Amino acid sequence: AKPSGNRPQARAMSDASGSDADDARPGRGKIVQRQKRELKELHQRQEKEGNKLTSFAKAKRENNKIAVRAEKRDFEEKFRLLEEELLKKHAEELASYAPEDAPAETPNAQELLVQLQQAAVLGGAEADEADGNQKSRAQMKKERNAEIGKALRDGAN
């Protein structure tokens, strides 16, 4: 009676019972984590590329304000569209993940999440156009991200 003889059997049994779960899709929480990471990477890329744009102060010195502002608008529009696309893809992925035996409320939660994400993206564009200082825009962005995170957590439960 070797003590190590039981361990491989126990491990094999747990592997056998866990193999069904391994063959299935990753958990919803893992998908949400990956989606948040992808969104964060997009924002970091936007910030990094945004730092390469000509500053407004330099543009004023060179009498080139209009061209620089147009470049910034194009840049922001490009990333707004990329974010919108990513959020739409994420919402579709989460919607397709819904279990078959789920209650009727689950699709409504998914639709609510899609609407919230779209409103956040559109709200971000409107906030940039509206008058406001940098702190208020940052606060609005923080609140918007908190709403999205809360909706994702609520949808996961």
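Because the structure is predicted, anything quoted here is derived from the model rather than measured.

Caption draft 1: Highlighting the pattern of salt bridges. In the structure shown here, the tally under the stated rule is seven salt bridges. Between arginine 34 and glutamate 93 there is a salt bridge, with its nearest N and O atoms 2.3 Å apart. Note that arginine 34 is positioned in helix α2 (residues 28-50) and glutamate 93 in helix α4 (residues 65-97), a separation of 59 residues in sequence. Taking the relative accessible area as the measure of exposure, arginine 34 reaches 23% and is therefore partly exposed. As a salt-bridge pair, glutamate 77 and arginine 80 come within 2.8 Å of each other at their nearest N and O atoms. Of this pair, glutamate 77 and arginine 80 both sit in helix α4, separated by three residues, roughly a single helical turn.

Caption draft 2: Spotlight on the environment of glutamate 49. For glutamate 49, the location among the structural elements is in helix α2. Once residues within four sequence positions are removed from consideration, glutamate 49 is found in contact with Phe75, Lys78 and Phe79.

Rules used throughout
The residue numbering used here restarts from 1 in each chain and proceeds along that chain's sequence as written. Since the coordinates come from a predicted model, pLDDT governs what is reported: local features require at least 70, and pairs of side-chain atoms require 80 or more to be given and counted, while whole-chain, interface and lining totals use all residues. Just so you know, side-chain values use all the structure's heavy atoms and leave hydrogens and water out. Take a side-chain nitrogen of Lys or Arg and a carboxyl oxygen of Asp or Glu: if they are within 4 Å of each other, that pair is a salt bridge. Helix numbers and strand numbers start at the N terminus; a helix is a DSSP run of H or I with at least 4 residues, a strand a run of E with at least 2. Categorising residues by exposure relies on relative accessible area from a 1.4 Å probe, with only protein chains included: less than 20% of the type maximum marks a residue as buried, more than 50% marks it as exposed, and the intermediate range marks it as partly exposed. Throughout, a contact is declared for two residues whenever any of their heavy atoms are within 4.5 Å.

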